[in-house]
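Letter by letter, the chains look like this.
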Amino acid sequence: MKIFLDTADVEEIKKAVDSGVLDGITTNPSRIAKAGRPFESIAREILAMVPGDVSLEAMSEKWPDMIKEVKVLAGWGNNAVIKLPMTRDGIKALAILSKEGIRINLTMVASQNQALLACKAGATYVSIIVGRMDAIGMNGMEVVRDTKEMIKEYGFGSQIIIGSVRTPLHVLTAARAGADVVTVPYKVFDQLFGHPLTDGGLAQFEKDWSKVEGEVT
Ligand code: E4P
């Protein structure tokens, strides 16, 4: 399973790239707004920093405008993947753009039927907003598991991204559900590294090691 960071904060991205286990980045309009910089400048900086895919969201509402906007955004970097929303216009624009080989991340998907439409229209990634679904009493991972089965059954080429991640448990259950990608806030990414048993055991080793004579040369 690939791990993406869901952020537009360049300091967080630097640390995650440096960790050696980051596969890509997703952004959305809220993350870009929080960064407090012009869209093109921050987007180009992130595209250059990250070896893997970077999702940038197109904000046009009508499909002809979406197509124009997606083509501009896709030109900002070879690793740019463009997010389109789960709307009728989003699906129509996706169907047209995917035929031209432009990679689209169809976002804000909250049902298997929506995922079916995204897969049929040729999405590279389908972002299922598991945390938002769980927050209203749905079982987000159930939709992920069913969507994974559907993709296998019909041989669709789309990959599932688990979005709206809120806790490390979402990462664990994403892996169990067979998600292709999980995109996480930096706080959750950082939490993946730690465990009290690891920390306690290593502290004990360090204490005992200080009693051992000799050096590794
Ligand atoms: C995936 O790309 C994101 O998680 C999606 O944009 C929504 O995230 P949020 O629910 O944290 O706003």
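Notes on the structure in this doc start here. (Residues numbered from 1 in each chain as written. Predicted model: local features only at pLDDT ≥ 70, side-chain atom pairs only at ≥ 80, totals over all residues. Heavy atoms only, no water.)

## Looking at the overall build of the chain
Turning to step 1, where the next piece is worked out: Counting its regular elements, the chain contains 11 helices and 8 strands.
Turning to step 2, where the next piece is worked out: Along the three orthogonal principal directions, the C-alpha set of the chain runs to about 70 × 40 × 30 Å.
Turning to step 3, where the next piece is worked out: Counted over contacts in the chain with a minimum sequence separation of 6, partners at least 24 positions apart contribute 55%.
Turning to step 4, where the next piece is worked out: For the chain, the exposed area adds up to about 11,600 Å²; of that, 54% sits on carbon and sulfur atoms. (Helix = DSSP H or I, 4+ residues; strand = E, 2+ residues; numbered from the N terminus. Contact = heavy atoms within 4.5 Å. Areas by Shrake-Rupley, 256 points an atom, 1.4 Å probe, with all protein chains shown as cover.)

## Observations concerning a nonpolar patch on the surface
Turning to step 1, where the next piece is worked out: Taken together, V21, L192 and F193 make up a surface patch of nonpolar side chains, about 260 Å² in accessible area.
Turning to step 2, where the next piece is worked out: Locating V21 in the fold gives a position in the loop between α1 (10-18) and β2 (24-26). (Patch = residues over 30% accessible without salt bridge, like charges linked within 9 Å, V, L, I, M, F, W, Y side chains within 5 Å. Salt bridge = Lys/Arg side-chain N within 4 Å of Asp/Glu carboxyl O.)

## Observations regarding the sheet that holds strand β8 (residues 181-184)
Turning to step 1, where the next piece is worked out: Strands sit in the order β1-β2-β3-β4-β5-β6-β7-β8 around a closed barrel of 8 strands; the barrel is parallel. Strand-to-strand twist of the sheet, defined as the mean angle between neighbouring strand axes without regard to direction, takes the value 30°.
Turning to step 2, where the next piece is worked out: Inspection of the sheet shows strand β1 (residues 2-6) paired to β8 by 4 bridges, in the parallel sense. Following the sheet pairing, K2 is matched in β8 by V181.
Turning to step 3, where the next piece is worked out: Against the sheet, helix α5 (residues 88-99) contacts β4 (80-85) and β5 (104-109), and its axis sits at roughly 145° relative to β4. (Pairing = 2+ DSSP bridges. Axes fitted to C-alpha atoms, helices over the stretch in contact; angles between N-to-C directions.)

## A look at unusual backbone geometry
Turning to step 1, where the next piece is worked out: Of note in the backbone geometry, M108 takes a positive phi value of approximately 65° without being a glycine.
Turning to step 2, where the next piece is worked out: With respect to the helices and strands, M108 occurs in strand β5.
Turning to step 3, where the next piece is worked out: The phi torsion at S164 lies on the positive side, around 55°, for a residue other than glycine.
Turning to step 4, where the next piece is worked out: By the element assignment, S164 lies in the loop between β7 (159-163) and α9 (168-176).
Turning to step 5, where the next piece is worked out: What makes S164 buried here is its relative accessible area of 8%. (Buried < 20%, exposed > 50% of the residue type's maximum accessible area, 1.4 Å probe, protein only.)

## Focus on the site of the ligand
Turning to step 1, where the next piece is worked out: The local shell around the ligand consists of D6, T26, N28, R31, K83, R132, G163, S164, R166 and T183.
Turning to step 2, where the next piece is worked out: In this structure, R31 approaches the ligand through a side-chain N or O atom, which is 2.7 Å from an oxygen atom.
Turning to step 3, where the next piece is worked out: Here an oxygen atom of the ligand sits 2.6 Å away from a polar atom, N or O, in the side chain of S164.
Turning to step 4, where the next piece is worked out: Contact with the protein chains hides 93% of the accessible area of the ligand, taken as 330 Å² for the molecule alone. (Near = heavy atom within 4 Å. Polar contact = N/O pair within 3.5 Å; in protein donor to acceptor, adjacent residues only side chain to side chain.)

## Here we look at the packing of helix α4 (residues 63-74) against α5
Turning to step 1, where the next piece is worked out: Packing of α4 against α5 brings their axes to within 9 Å, and their N-to-C directions diverge by 50°. By the angle between their directions, the pair α4 and α5 is classed as oblique. For the crossing formed where α4 meets α5, the hand is right-handed. Counting all contacts with α4, which are made through W63, M66, I67, V70 and K71, the residues of α5 involved are D89, G90, K92, A93, I96 and L97.
Turning to step 2, where the next piece is worked out: Within the contact of α4 with α5, the residues separate by chemical class into 7 nonpolar, 1 polar and 3 charged. (Parallel < 35°, antiparallel > 145°, perpendicular 65-115°, else oblique. Left-handed = near helix turned anticlockwise from the far one by under 90°. Nonpolar A, V, L, I, M, F, W, Y, C, P; charged D, E, K, R; others polar.)

## Re the packing of aromatic side chains
Turning to step 1, where the next piece is worked out: Evaluation of the coordinates by the stated rule reveals 5 aromatic pairs.
Turning to step 2, where the next piece is worked out: Ring centres of Y154 and F156 lie 6.1 Å apart, and the angle between their planes is 40°; on these two criteria the pair is classed as tilted.
Turning to step 3, where the next piece is worked out: Judged by its relative accessible area of 59%, Y154 is exposed.
Turning to step 4, where the next piece is worked out: Seen in terms of ring centroids, F189 and F193 are 5.4 Å apart; in terms of plane orientation they differ by 75°. Their pairing is edge-to-face.
Turning to step 5, where the next piece is worked out: Classification of F189 as buried rests on a relative accessible area of 2%.
Turning to step 6, where the next piece is worked out: On the basis of relative accessibility, which here comes to 51%, the residue F193 falls in the exposed class.
Turning to step 7, where the next piece is worked out: An aromatic cluster is defined as three or more aromatic residues linked by ring pairs; in this entry it consists of Y186, F189 and F193. (Phe/Tyr/Trp six-rings, centres within 6.5 Å; stacked < 30°, edge-to-face > 60°.)

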